[in-house]
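Secondary and tertiary structure notes
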Amino acid sequence: MNKLAVVLIIAAAVTLLALPAYASLVPMSWGFPTMVQNNSLTNFESNFAWASNNEFSDISFPTSTCSGLSAFSAFPTITQMSNSEQLVSQVKFSNQQQSMSFSYPWISIGFSPVPSMGFL
């Protein structure tokens, strides 16, 4: 009986040594995910306008050689001249910046979409 017990113990030891060792590793994730968003908008606008208005009018009555209209033949010539200019210049500049940051603690044990040790 002693020999049978020793043979059974040796067989059990050999069987246990032949099985591979394994462990069930659970993915774990931890940290502080942070979302950062930065926006910047710069606007520069330049306008330039120049207008010139030149007007000239001349009224001249024809001279007549008729004897009855000699009093009206010496009516003076009417001349009118108008010049105007307009200059407009405008420059606009605007700069807008916006920053947003959001962070929260995150711990995950078990099935994790972001594994920590590479085991998923």
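What you see is a predicted model, and the numbers here were worked out from it, not measured in a lab.

The helix and strand inventory of the chain stands at one helix and four strands. Relative to its 120 residues, the chain shows a buried fraction of 4%.

With respect to the helices, strands and loops of the structure, Ser52 is situated in strand S2 (residues 34-59). In the structure, Ser52 is positioned 31 residues away from Asn83 in sequence and 7.6 Å away in space, judged by C-alpha atoms. With near-sequence residues (within four places) excluded, Ser52 lies in contact with Ser84 and Glu85.

So, on to a nonpolar patch on the surface. Taken together, Met35, Met100, Phe102 and Tyr104 make up a surface patch of nonpolar side chains, about 390 Å² in accessible area. A residue is classified by how much of its surface remains accessible, and Met100, at 34% relative accessible area, is partly exposed.

What follows is about the environment of Ile107. Of note, Ile107 is situated in strand S4 (residues 106-109). Classification of Ile107 as exposed rests on a relative accessible area of 68%.

Here we come to helix H1 (residues 2-18). Helix length check: H1, at 17 residues, gives a terminal C-alpha distance of 24 Å against a target of 24 Å (1.5 Å per residue), a fit within 8%. Within H1, only zero of the 17 residues are buried, which leaves it mostly out in the open.

Another aspect to go through is the confidence of the model for the chain. Averaged over all residues, the pLDDT of the chain is 79; the fraction at 70 or higher stands at 71%. Counted against residues more than four places away or in other chains, residues 115-120, with its pLDDT under 50, gives 13 contacts.

Rules used throughout
- Residues numbered from 1 in each chain as written.
- Predicted model: local features only at pLDDT ≥ 70, side-chain atom pairs only at ≥ 80, totals over all residues.
- Heavy atoms only, no water.
- Helix = DSSP H or I, 4+ residues; strand = E, 2+ residues; numbered from the N terminus.
- Buried < 20%, exposed > 50% of the residue type's maximum accessible area, 1.4 Å probe, protein only.
- Contact = heavy atoms within 4.5 Å.
- Patch = residues over 30% accessible without salt bridge, like charges linked within 9 Å, V, L, I, M, F, W, Y side chains within 5 Å.
- Areas by Shrake-Rupley, 256 points an atom, 1.4 Å probe, with all protein chains shown as cover.
- Salt bridge = Lys/Arg side-chain N within 4 Å of Asp/Glu carboxyl O.
- Expected span 1.5 Å × (residues − 1).
- pLDDT = per-residue confidence, 0-100.

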